[in-house]
Amino acid sequence: MYAGKAHPHDSGGKDIIRKIFSSQEGSAQAVPIVFLDEYNLQVGGQITSGVDFMAEHTQYPLEASGTSGMKAALNGVPSLSILDGWWVEGHIEGITGWSIGEPHVPGATPIEMDNASEAQSLYAKLENIILPMFYKERARYLSVMQHAIAINGSFFNTQRMVQQYVTDAYLR
């Protein structure tokens, strides 16, 4: 499932959405694709409170903010994402969720985009860790859900955001 909305002046984002729709026409039998256009707060709330885990497949360093993952954490939903945006701070492997690929070191030479290894990491985590835990170790999976709320839900909230805006943007 894809959800999103391109900014009116984001021609690249609009092109990606068009590619999603055109690929859907060619592969509807093999790979069903659902695209939720006009993504908004109400739809986001329904998605982030009614899922078992949040998989965000962005490309480094293009994660805008990750607010869906933060909202999901408030509802006990662990994340599976690349280490970018909020997930760099919120990620504790196997405790609050899981990472896709390896961390990117700030200031280092930019890492070549390697979609194949990130896809391999994503599928390996799903097949070997997340799905077996979800179906066979329910208590352990519930512990990850509880940690998502306790750690990320208590840290990534409006109070912290406003405090950071005040101290980092307005009081400088």
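For every chain, the first residue of its written sequence is number 1, and the numbers climb from 1 along that sequence. Whole-chain, interface and lining totals are the exception, using all residues; otherwise, since this is a predicted model, local features are given only for residues with pLDDT of at least 70 and side-chain atom pairs are given and counted only at 80 or more. The basis for every side-chain value is the complete set of heavy atoms in the structure, and neither hydrogens nor water enter the calculation.

How would you explain the sheet that holds strand S3 (residues 54–56) if you had to name every residue and give the values?
Spatially, the 3 strands line up as an open sheet ordered S3-S4-S5, and their pairing is parallel. For this open sheet the edge positions go to S3 and strand S5 (97–100), each flanked by a neighbour on one side alone. Taking the axes of each pair of neighbouring strands and ignoring which way they run, one obtains an average angle of 15° across the sheet. Pairing of S3 with strand S4 (residues 79–82) involves 3 bridges; the strand directions are parallel. Considered in S4, the bridge of Ala55 is made with Leu80. By definition, two strands form a pair when at least two bridges between them are found by DSSP. Strands here mean DSSP runs of E at least two residues long; helices mean DSSP runs of H or I at least four residues long; both are numbered from the N terminus. Helix axes use the C-alpha atoms of the stretch in contact, all axes being lines fitted to C-alpha atoms, and the angles between their N-to-C directions lie in the range 0 to 180 degrees.

Residue-level account of the packing of aromatic side chains, with values.
Between two aromatic rings, the relevant description is the distance of the centres plus the angle of the planes. Each aromatic pair joins two rings of Phe, Tyr and Trp (for Trp, the six-membered one) with centres within 6.5 Å, and gets the label stacked for planes under 30 degrees apart, edge-to-face for over 60, and tilted for any other angle. Taken as a whole and assessed by the stated rule, the structure comprises 6 aromatic pairs. Pairing Trp86 with Trp87 gives two aromatic rings, centres 5.1 Å apart and planes at 55°, and the pair type is tilted. Trp87 shares its class with Trp86; the two are buried. With centroids separated by 4.9 Å and ring planes inclined at 85°, the aromatic side chains of Trp86 and Phe156 adopt a geometry described as edge-to-face. Residue Trp86 is located in the loop between S4 and helix H4 (87–90), and its partner Phe156 is located in the loop between helix H6 (138–155) and helix H7 (158–170); the two are separated by 70 residues in the primary sequence. In this pair, the class of Trp86 matches that of Phe156, namely buried. Three or more aromatic residues link up through ring pairs in this structure, and these residues are Trp86, Trp87, Phe155 and Phe156. Throughout this description, the term charge over a ring refers to an Arg CZ or Lys NZ atom that lies within 6 Å of the ring centre and within 35 degrees of the ring normal. Here the guanidinium or amino end of Arg138 rests over the ring plane of Phe134, the centre of that ring lying 4.2 Å away. Burial classes follow relative accessibility: with a 1.4 Å probe on protein chains only, a residue under 20% of its type's maximum area counts as buried, one over 50% as exposed, and anything between as partly exposed.

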